[in-house]
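# Coordinate analysis (summary)
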Amino acid sequence: MLNNSFQSRFIVGGVIPVVLFYLLHRTGQTLTGAIVAGSRGLGVTVITYWLSREVNIFAVLATTVNLIEIIGTLMTRNHDFYLAGAAIDSFLYAILFLGSLLLARSLMQLLVEATPQGDKFSESFRQQPMYRKAWQIVTAVWGVAYLIRAGLLVWGQINLSLELFLTIRTLSNFPLFIGLMVFSYWFPARYWKKRRAGNGR
């Protein structure tokens, strides 16, 4: 449903940098670990652009967060800037999803219609209010979920040990993304079926 750069950002980009950071932290090179992890994330974004030759909002957000991580870490010599990157990332995604609800087409609707799967929806069906409403609900769920994750990560960075915080940061990435993907596939069809049964539009 979602394009490859979006999926790679959530899946690949969320784990490998954390592993690199923690391994270097364990050898007493915490600051180096933060710089390497942040640079690696930026490298993934650059390579993804070079291969696809496409600029999208997710790549822009990823680059912005990576630059904040790297520049902030280098200027302050404090690895907290890298650790805060995930919360900033989640907050920006939440704003992006929720903000798109003010547009004629929500972000999830735009993403779906930009993929081959979106071609299965006829033009007449796309004009029905229930089609737009379903994607608005899905988009809102994504936005709220990432807003909650951002808050959880801020709390965790302040109150938890580094090891526990990194565990929560990593585990809240995979299950959340997978859960939201499953919901995005499951909910619209169920919603449309229910509306049709009630003769709703």
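Here Ile16 shows up in helix H2 (residues 12-26). The sequence separation of Ile16 and Thr170 amounts to 154 residues, and the corresponding C-alpha distance is 9.7 Å.

Let us look at the environment of Leu31. Here Leu31 lies in helix H3 (residues 30-52). As a C-alpha pair, Leu31 and Asp80 span 49 residues in sequence and 9.2 Å in three-dimensional space. Those residues in contact with Leu31, other than ones at most four positions away along the chain, are Thr73, Arg77, Asn78 and His79.

Once that is clear, we can look at the nonpolar core. Within the largest apolar cluster, 24 residues are counted, with the highest numbers of intra-cluster contacts made by Met108, Phe121, Trp135, Val138, Trp142 and Trp192. Sorting the residues of this core by element identifies helix H5 (80-99), helix H6 (107-113), helix H8 (129-159) and helix H10 (174-197) as the ones contributing at least two each. Counting residues per element, this core draws most heavily on H8, which supplies 8 residues. In terms of nonpolar packing, the next biggest core, distinct from the first, is built from 11 residues, Tyr82, Leu83, Ala87 and Leu166 among them.

What follows is about the side chain of Arg169. On the secondary structure map, Arg169 appears in helix H9 (residues 162-171). For Arg169, a relative accessible area of 7% puts it in the buried group. Contact partners of Arg169, with chain neighbours within four places excluded, come to Val18, Tyr82, Leu83, Ala86, Arg149 and Leu153.

This part covers the confidence of the model for the chain. Looking at the chain, the pLDDT average stands at 81 and 76% of residues meet or exceed 70. No element of the chain has a lower mean pLDDT than helix H1 (residues 4-10), at 51, and none a higher one than H8, at 96.

Following the criterion strictly, the structure yields 1 salt bridge and no others. Residues Glu113 and Arg105 are paired through a salt bridge, measuring 2.4 Å at the closest nitrogen-oxygen approach. With relative accessibility at 15%, the residue Glu113 sits in the buried group.

Rules and cut-offs
- Residues numbered from 1 in each chain as written.
- Predicted model: local features only at pLDDT ≥ 70, side-chain atom pairs only at ≥ 80, totals over all residues.
- Heavy atoms only, no water.
- Helix = DSSP H or I, 4+ residues; strand = E, 2+ residues; numbered from the N terminus.
- Contact = heavy atoms within 4.5 Å.
- Core = buried A, V, L, I, M, F, W, Y, C linked by side-chain atoms within 4.5 Å.
- Buried < 20%, exposed > 50% of the residue type's maximum accessible area, 1.4 Å probe, protein only.
- pLDDT = per-residue confidence, 0-100.
- Salt bridge = Lys/Arg side-chain N within 4 Å of Asp/Glu carboxyl O.

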